[in-house]
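# An overview of the molecular structure
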Amino acid sequence: MRTVIRTFCVSVVASALLLGLASETFAEHENKKKVRKVRAASACSAGSSSSVARFKIEKGEALPASIPKALTKKPGNAERGLEAAVNPGKGNCLACHHIAKVLAKADESDPESVKLYGNHGEVGPPLNGVGARFSKAELRMIVVDPKKAFPDADTVMPAYHARTASKDVKRACRGRVMLSAQSVEDIVTFLEELK
Ligand code: HEC
């Protein structure tokens, strides 16, 4: 009788252990599936584009390089430019720049608005008055490829519309540009109005 009970107990413990293991593997499996889904959803940032506009670089007034001609036929829109500039999946310019006009949009009573418009980094110079400091052609050069706008600075600012920057982005985004030509034009129009 004792052996029967012992065998029974051992088998109960064993199956409990097995079940535990099995359910853990199942949980792990589900978890992996979730991770894969998240990865797929954020494969490449919202602003990125596979098409690169043709542009001609000329000498600027204050800077050694500028792009006088717009990248798109459709004119830029300042309001859309502001939204693209603050969007973490697009320009994410606030990570490095303070912009008073954007800060003014942060509504203290709305945490989402404070999150989007209220946090400004200090790695780069404040962009207030930038429309008076640079021509539109120079602002376009700065956003497209700041390495060419500030050749001596070894700048940390990313090139938003240059394939050369693709080595700085995550693997899924290689060969793409961080901002579409239209987003560049929208942001440049927004910057031009910061006087
Ligand atoms: C990783 C940080 C970083 C990000 C992100 C960044 N910048 Fe910059 N930016 C800089 C730095 C640093 C400079 C100064 C140039 C240098 O390196 O000397 C600069 C310079 C500039 C300038 C010239 C300002 C002046 O007064 O000289 C403009 C205009 C500008 N950035 C616009 C933008 C816009 C628009 C975005 C988003 C689309 C952006 N930056 C994103 C770091 C950044």
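These lines cover the structure that appears in this document, whether it is placed above or below. Keep in mind that this is a model prediction, so the values were computed, not measured.

### Remarks on the overall build of the protein
The helix and strand tally for the protein stands at eight helices and zero strands. Across the protein, helices and strands are ordered from the amino to the carboxyl terminus as α-α-α-α-α-α-α-α. Evaluated residue by residue, the protein yields a buried proportion of 28% over its 195 residues. Taking all contacts inside the protein whose residues are at least 6 apart in sequence as the whole, residues at least 24 apart take part in 67%.

### So, the site of the ligand
What surrounds the ligand is a group of 25 residues, the closest being Gly91, Cys93, Cys96, Gly124 and Thr155. Those elements giving two or more residues to the shell around the ligand turn out to be α5 (130-133), α6 (136-144) and α8 (181-192). For the shell around the ligand, the leading source of residues is α6, giving three residues. Across the shell around the ligand, the residue classes tally to 19 nonpolar, five polar and one charged.

### Let's talk about α6
Residues lying three or four places apart along an α-helix face the same way, a consequence of the helix completing one turn every 3.6 residues. Within α6, eight of the nine residues are buried, which leaves it mostly tucked inside the rest of the structure. Turning to α6, its buried residues are Ala137, Glu138, Leu139, Arg140, Met141, Ile142, Val143 and Val144. Buried residues in α6 make contact with α5, α7 (146-149) and α8.

### Quick word on the packing of α6 against α8
Relative placement of two packed helices is described by the angle separating their axes and the distance separating the axes. Put simply, α6 and α8 touch, their axes get as near as 9 Å, and they point 130 degrees apart. The pairing of α6 with α8 is recorded here as oblique in orientation. Judged by the sense of rotation from one axis to the other, the crossing of α6 with α8 is right-handed. Across from Lys136, Leu139, Arg140, Val143 and Val144 in α6, the residues of α8 making contact are Val184, Ile187, Val188, Leu191 and Glu192. A class-by-class count of the residues in the contact of α6 with α8 yields seven nonpolar, no polar and three charged.

### Description of helix α2 (residues 78-86)
Gly81, Leu82, Ala84, Ala85 and Val86 are the residues of α2 that are buried. In the core, the buried residues of α2 are packed alongside α3 (100-103), α4 (111-117) and α8.

Cut-offs used in this document
Residues numbered from 1 in each chain as written. Predicted model: local features only at pLDDT ≥ 70, side-chain atom pairs only at ≥ 80, totals over all residues. Helix = DSSP H or I, 4+ residues; strand = E, 2+ residues; numbered from the N terminus. Buried ≥ 20, exposed ≤ 12 C-beta atoms within 10 Å, placed from the backbone. Contact = placed C-beta atoms within 7 Å. Near = placed C-beta within 6 Å. Nonpolar A, V, L, I, M, F, W, Y, C, P; charged D, E, K, R; others polar. Axes fitted to C-alpha atoms, helices over the stretch in contact; angles between N-to-C directions. Parallel < 35°, antiparallel > 145°, perpendicular 65-115°, else oblique. Left-handed = near helix turned anticlockwise from the far one by under 90°.

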